[in-house]
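Reading the structure
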Amino acid sequence: MDLRERIARRRSGRQHGRVIVDRDQLSPVVHPAEPVGRGPVLEQLLDALEPVFDGALPPPVAVVGPPGSGTSAVVTASFAALNEQLGGSSRAIATTTRGGRSEPVTWFVTVDGRRVESAFAFYRAVLAGLSTEQVPNGGVGTDELRDRLRDRLARADRRAVVAIDHHDEPGTLGADRVRELLSPVADSVATVAVGHREPDGHHGPTVTVPSYRDHELVDVLTERASSGLAAGALAHDAVRELAGWADGNAHDALAALFGAAVLATDDDADRLERRHLEAAWAAVPDDGVHVGRPLALSATRQRALLALVDLDATERPISETATAIADRSSLTAGTVERFLYELADDGVIERVPLQTVDTGGGGGRQPSTVEPRFPTLVFRALSTALDDKRSG
DNA sequence: GATCCACGGGAATACACGGATG
DNA sequence: CATCCGTGTATTCCCGTGGATC
């Protein structure tokens, strides 16, 4: 990071108070261009993709690792760098418009499974990664998009390596479904499945990303804090403690750091105090889900979750919670209730059996309540679902 | 006009419990 | 005593509708 960049970040960060200099540097959903301490894994991934350097397609690759190990970060960073070297969209235009000689071009596209759940959305995402042209949002059929993709890759020496991130999370397109969608262009597309486990029947190299070790996580946090927080805002032993608490999970560690920074800002403090850190990691559930999960939901669902977080709905039956949320929004209680069940089914929130016996009418099935499974402070800070309301 | 998608309503099904039935 | 049944609630599942986009 050069000086100019630092100054620019300071300027843009002013509105965030005295502690936070650059929110993006702290965000668990933003990946650095150069992941810290993941050199060996990056090498393994490049090995697996080796054929692309000879203008060929690699075999199917799987990238697997436990939650918070940085699988997405590794793939995102690698693909960005590979695009620069091997002819991503911008370069492709520069080289193909000059002279007739068509150089081998390979695009590297990552598709975020959390935000791409239909065939239509999938083709759209891949096409967007393959060209700078505008891809329609609607009004055109799925078949049309598939045909465009085929046309795009039909010419010789054009291929794409498509990473499908989070292929094994609930609600996302599975690796087999992706293969099916890409079958019309199978000769020019290779896939990289990124997730917690290999796709069923995976054949081909697998890159295994291990959990961060304690000192590596310290490095990650130190790096993020140095660019995201004001100088001296975070004591070094706090970093160690944070890393120890997170137990190798970089997402949880960053979520706690971010949450603490938000709390310190609310306090108008000039450094992260112990109470901020403790409250922040209390807001990161054990064994919870990545904050990217709720952040990828539709605006209405995010609004429902924001209300849920503010409500502190513990000990309340799900139907009551739904009514309370509905009162604060334009949604019907019935719809909110269904949302909550769906979100619980996907693991974003968790149903907890409720023991209260005093249902006057007697009989009936026991109600349950719901609890967030995602980092609440981070979600509240990053969700844009209320932005239209907030500005002004 | 064609198309995708999220919302909304509600039907269908599962579960809990007490009381009736054999 | 084991099982079935009725009632009330919780949970899941389905599909029509309308907004947005091209």
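Given the structure is predicted, the values throughout are model-derived calculations rather than measurements.

**Thoughts on the overall build of chain A**
Each helix and strand counted, chain A has 18 helices and seven strands in total. Relative to its 392 residues, chain A shows a buried fraction of 48%. When the accessible area of chain A is evaluated, it comes to approximately 19,700 Å², of which 46% is carbon and sulfur surface.

**A closer look at the nonpolar core**
One finds Leu-229, Leu-272 and Ile-349 to be the most contacted residues of the largest nonpolar core, which totals 68 residues. Those elements that provide at least two residues to this core are α9 (214-228), α10 (236-246), α11 (250-266), α12 (274-282), α14 (299-311), α15 (318-327), α16 (333-346) and α17 (376-382). The dominant element in this core, judged by the number of residues it contributes, is α11, at twelve residues. Here this core spans two domains, and each of domain 1 (3-17 + 212-282) and domain 3 (292-390) adds at least three residues to it. If near-sequence neighbours (up to four positions away) are discounted, Ile-349 is found in contact with Leu-305, Leu-308, Leu-340, Leu-343, Ala-344, Val-370, Glu-371, Pro-372, Arg-373 and Phe-374. Val-116, Ala-119, Tyr-123 and Ala-193 belong to the second-largest nonpolar core, a separate cluster that totals 28 residues.

**A look at the protein's contact with DNA strand C**
Looking at DNA strand C, there are 13 residues lining it, with Gly-138, Arg-338, Tyr-341, Arg-365 and Ser-368 nearest. Of everything in DNA strand C that lies within 4 Å of the protein, sugar and phosphate atoms constitute 76%. Residue Arg-351 places a side-chain N or O atom 3.3 Å away from a phosphate oxygen belonging to DNA strand C. Contacts to DNA strand C include Ser-368, whose side-chain N or O atom sits 2.9 Å from a phosphate oxygen. A per-class count over the surface near DNA strand C returns four nonpolar, six polar and three charged.

**Describing the packing of α10 against α11**
Between α10 and α11, whose axes approach to 8 Å, the crossing angle comes to 135 degrees. If you check the angle between α10 and α11, you find them oblique. Considering the relative orientation of α10 and α11, their crossing is right-handed. Contacts between α10 and α11 pair Leu-242, Trp-245 and Ala-246 from the former with Asp-252, Ala-253, Ala-256 and Leu-257 from the latter. Of the residues contributing to the contact of α10 with α11, the split by class is six nonpolar, no polar and one charged.

**Topic: empty space enclosed by the protein**
Per the counting criterion, the structure on display carries one cavity of 30 Å³ or more. As for the largest cavity, its lining consists of Pro-60, Val-61, Ile-164, Ala-175, Val-178, Arg-179, Thr-191, Val-192, Ala-193, Pro-199 and His-202. Of all elements in the fold, only α8 (175-182) and β4 (189-195) reach the threshold of two or more residues within the lining of the largest cavity. Here the lining of the largest cavity is built from residues that sort into eight nonpolar, two polar and one charged.

**A short note on a negative patch on the surface**
A contiguous patch of negative charge, built from Glu-43, Asp-47, Glu-50 and Asp-54, is present on the exposed surface. On the secondary structure map, Asp-54 appears in the loop between α3 (39-48) and β1 (61-64).

**So, the domain arrangement of chain A**
For chain A, the assigned domains are domain 1 (3-17 + 212-282), domain 2 (39-208) and domain 3 (292-390). Each partner contributes residues to the interface: domain 1 has eight residues there, and domain 3 has five residues. By the criterion of area lost to domain 3, the three top residues of domain 1 are His-251, Ala-255 and Phe-258, representing 61% of everything that side buries. For the interface between domain 1 and domain 3, the tally reads zero salt bridges. Run the count over domain 1 and domain 3 and you get zero residue pairs in polar contact (both at pLDDT 80 or more). Elements supplying a minimum of two residues to the side of domain 1 that touches domain 3: α11 and α12. The leading source of residues in the side of domain 1 that touches domain 3 is α11, at six residues. Residue composition of the side of domain 1 that touches domain 3, grouped by class: six nonpolar, two polar and no charged.

**What to know about the protein's contact with DNA strand B**
With respect to spatial proximity, 18 residues lie near DNA strand B, and among them Ser-118, Thr-142, Thr-300, Leu-331 and Arg-338 are the closest. In DNA strand B, atoms within 4 Å of the protein come 71% from sugar and phosphate. Take Ser-298: an N or O atom from its side chain is 3.5 Å from a phosphate oxygen of DNA strand B. Here a phosphate oxygen of DNA strand B sits 2.8 Å away from a polar atom, N or O, in the side chain of Thr-332. Mapped by element, the contributors of at least two residues to the surface near DNA strand B are α6 (119-130), α14 and α16. Ranked by the residues each element gives to the surface near DNA strand B, the list is headed by α16, at three residues. A breakdown of the residues in the surface near DNA strand B according to their chemical character gives five nonpolar, ten polar and three charged.

Rules behind the numbers
Residues numbered from 1 in each chain as written. Chains lettered and ligands numbered in written order. Predicted model: local features only at pLDDT ≥ 70, side-chain atom pairs only at ≥ 80, totals over all residues. Heavy atoms only, no water. Helix = DSSP H or I, 4+ residues; strand = E, 2+ residues; numbered from the N terminus. Buried < 20%, exposed > 50% of the residue type's maximum accessible area, 1.4 Å probe, protein only. Areas by Shrake-Rupley, 256 points an atom, 1.4 Å probe, with all protein chains shown as cover. Core = buried A, V, L, I, M, F, W, Y, C linked by side-chain atoms within 4.5 Å. Domains from an automatic or database assignment. Contact = heavy atoms within 4.5 Å. Near = heavy atom within 4 Å. Polar contact = N/O pair within 3.5 Å; in protein donor to acceptor, adjacent residues only side chain to side chain. Nonpolar A, V, L, I, M, F, W, Y, C, P; charged D, E, K, R; others polar. Axes fitted to C-alpha atoms, helices over the stretch in contact; angles between N-to-C directions. Parallel < 35°, antiparallel > 145°, perpendicular 65-115°, else oblique. Left-handed = near helix turned anticlockwise from the far one by under 90°. 1 Å grid on protein atoms, 1.4 Å probe; cavity = no way out; pocket = protein on both sides within 12 Å on 5 of 7 lines; lining within 4 Å. Points joined across faces, edges and corners; volume = space filled by probe spheres on them. Patch = residues over 30% accessible without salt bridge, like charges linked within 9 Å, V, L, I, M, F, W, Y side chains within 5 Å. Salt bridge = Lys/Arg side-chain N within 4 Å of Asp/Glu carboxyl O. Lys, Arg positive; Asp, Glu negative; His and termini not counted. Charge placed at Lys NZ, Arg CZ, Asp CG, Glu CD. Buried area = accessible area lost by both parts, 1.4 Å probe.

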